[in-house]
Amino acid sequence: MSMRLNEEPLIAEVFRSIPPIEIQLVVREMPVPYMQRFLRFLAKHFESSPHLEYHLLWCLHLFNNHGRFLEKLSIVPTELASVAKESYLAVSEPQQSVS
């Protein structure tokens, strides 16, 4: 419902309230028309969130459950590149500070 309303604060609140064990179920039931919008949301919040593993779980389940559909979309490569870039930056920053 929050995706339908397209209100980012509400989407963020709902996103953060979903327990990690329920992510796969939520992703599986997510309507296909909202995939692209959700990928944009995920990319935008990836770097600013301290919950890296939580975001990576969302990516994992999105690609496992909807990878074939995402592959068919023409605009998805830019969205996926954005998510990949943000995830790389989020992972590499803590790694650099440790080493």
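Nothing here was measured: the structure is a model prediction, and the numbers come from that model.

Conventions we followed
- Counting starts from 1 at the beginning of each chain's written sequence and moves along it residue by residue.
- Under the rules for a predicted model, residues below a pLDDT of 70 receive no local features and side-chain atom pairs below 80 are neither given nor counted, while totals for whole chains, interfaces and linings still include all residues.
- Water and hydrogen atoms were dropped before computing side-chain values, which therefore reflect all heavy atoms in the structure.
- All axes are obtained by fitting lines to C-alpha atoms, using only the stretch in contact for helices, and the reported angles, taken between N-to-C directions, cover 0 to 180 degrees.
- By the criteria applied, helices consist of DSSP H or I runs no shorter than four residues and strands consist of E runs no shorter than two, each listed in order from the N terminus.
- By the definition adopted for this analysis, an angle is roughly parallel if under 35 degrees, roughly antiparallel if over 145, roughly perpendicular if from 65 to 115, and oblique otherwise.
- Contacts are assigned to residue pairs that have any heavy atoms within 4.5 Å of one another.
- Residues are sorted three ways: Asp, Glu, Lys and Arg are charged, Ala, Val, Leu, Ile, Met, Phe, Trp, Tyr, Cys and Pro are nonpolar, and all the rest, Gly among them, are polar.
- At every residue, the bend is computed as the angle between two fitted axes, covering the seven residues ending there and the seven beginning there respectively.
- For every residue, the accessible area (1.4 Å probe, protein chains only) is compared with the maximum for its type, and the residue is labelled buried under 20%, exposed over 50%, or partly exposed between those bounds.
- Rotating anticlockwise by less than a right angle from the far helix to the near helix defines a left-handed crossing, while the corresponding clockwise rotation defines a right-handed one.
- Here the expected length of a helix is defined as 1.5 Å per residue gap, with one fewer gap than residues.

Another aspect to go through is the packing of helix α2 (residues 8-17) against helix α4 (residues 35-46). Running from N to C, α2 and α4 point in directions that differ by 80°, and their axes come no closer than 12 Å. Accordingly, the angle class assigned to the pair α2 and α4 is roughly perpendicular. Touching Glu8, Ile11, Ala12 and Phe15 of α2 are Phe38, Phe41, Leu42, Lys44 and His45, all from α4. In terms of residue class, the contact of α2 with α4 is built from six nonpolar, one polar and two charged.

A few words now on helix α5 (residues 52-72). At His66, α5 shows its maximal bend, which comes to roughly 80°. Every buried residue of α5 is listed here: Tyr54, His55, Trp58, Cys59, His61, Leu62, His66 and Leu70.

Between α4 and α5, the shortest axis-to-axis distance is 11 Å and the interhelical angle comes to 155°. Between α4 and α5, the crossing angle belongs to the class labelled roughly antiparallel. Considering only the axes of α4 and α5, their crossing is left-handed. Within the contact between the two elements, α4 uses Met35, Phe38, Leu39, Leu42, His45 and Phe46 and α5 uses Leu52, His55, Leu56, Trp58, Cys59, Leu62, Phe63, His66, Phe69 and Leu70.

Moving on, we come to the environment of Ala12. With respect to the element layout, Ala12 can be found in helix α2. Put simply, Ala12 and His45 are 33 residues apart on the chain and 8.7 Å apart in space, counted from C-alpha to C-alpha.

What follows covers α4. Spanning 12 residues, α4 covers 16 Å between terminal C-alpha atoms, matching the ideal 16 Å at 1.5 Å per step. Of all 12 residues making up α4, nine are buried, and the element is well covered by its neighbours. All of the buried residues along α4 are Met35, Gln36, Phe38, Leu39, Phe41, Leu42, Ala43, His45 and Phe46.

The subject of this paragraph is the side chain of His55. Structurally, the position occupied by His55 is in helix α5. Given a relative accessible area of 2%, His55 falls into the buried group. Every residue in contact with His55, bar those within four places of it in the chain, is listed here: Phe15, Leu42, His45, Phe46 and Ser49.

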